[in-house]
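Close look at the chain arrangement
Here's the letter readout for the chains.
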Amino acid sequence: MSTLQYEHLNQERKMQKIKKRVAAYCRVSTDNEDQANSFESQQRYFRQYIECNPNWELYGIFAEV
């Protein structure tokens, strides 16, 4: 896809007010309890961050634990 084609599609999306679907990725490296809290905090942070942007829609939160 050329840059011109991409820009054209992007302008069409903006005119239609289509929200961009955004996903978050969370990761915890150990089984420690404090890491479990970190995982919950990561999910909460990304959910709130994405919801604050009116042009975004939360697609999903993916995790590696």
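Thresholds applied
- Residues numbered from 1 in each chain as written.
- Predicted model: local features only at pLDDT ≥ 70, side-chain atom pairs only at ≥ 80, totals over all residues.
- Heavy atoms only, no water.
- Helix = DSSP H or I, 4+ residues; strand = E, 2+ residues; numbered from the N terminus.
- Buried < 20%, exposed > 50% of the residue type's maximum accessible area, 1.4 Å probe, protein only.
- Contact = heavy atoms within 4.5 Å.
- Areas by Shrake-Rupley, 256 points an atom, 1.4 Å probe, with all protein chains shown as cover.
- Phe/Tyr/Trp six-rings, centres within 6.5 Å; stacked < 30°, edge-to-face > 60°.
- Patch = residues over 30% accessible without salt bridge, like charges linked within 9 Å, V, L, I, M, F, W, Y side chains within 5 Å.
- Salt bridge = Lys/Arg side-chain N within 4 Å of Asp/Glu carboxyl O.
- pLDDT = per-residue confidence, 0-100.

With respect to the overall build of the protein chain
- Counting its regular elements, the protein chain contains two helices and two strands.
- For the protein chain, the N- to C-terminal ordering of α and β elements is α-β-α-β.
- The buried share of the protein chain, reckoned over its 65 residues, is 12%.
- A separation threshold of at least 6 residues defines the contact pool for the protein chain, and within that pool the share at least 24 residues apart is 62%.
- Split by element, the accessible area of the protein chain, about 5,600 Å² in all, is 50% carbon and sulfur.

Some remarks on the packing of aromatic side chains
- As enumerated under the stated definition, the model contains four aromatic pairs in all.
- The interplanar angle of 70° and the centroid separation of 5.2 Å between the aromatic rings of tyrosine 45 and phenylalanine 46 together place this pair among those described as edge-to-face.
- Considering the side-chain rings of tyrosine 49 and tryptophan 56, the 5.9 Å spacing of their centres and the 55° angle between planes classify their relative orientation as tilted.
- Take tryptophan 56: its relative accessible area is 26%, and that puts it in the partly exposed class.
- Ring-pair connections join several aromatic residues into one group, and the members of that group are Tyr45, Phe46, Tyr49 and Trp56.

Details of a nonpolar patch on the surface
- Together, Met1, Tyr6 and Leu9 line one region of the surface with nonpolar side chains, adding up to about 370 Å² of accessible area.
- Tracing the backbone shows tyrosine 6 in helix α1 (residues 3-16).
- Residue class for tyrosine 6 comes out partly exposed when judged on its relative accessible area of 46%.

Side note on the environment of proline 54
- Secondary-structure assignment places proline 54 in the loop between α2 (33-51) and β2 (56-64).
- For the pair proline 54 and lysine 20, spaced 34 residues apart in sequence, the C-alpha separation works out to 9.5 Å.

Here's the deal with the confidence of the model for the protein chain
- When pLDDT is averaged across the protein chain, the result is 84; 85% of the residues are at 70 or more.
- Looking across the protein chain, the model is least confident in α1, with a mean pLDDT of 77, and most confident in strand β1 (residues 20-27), with 92.

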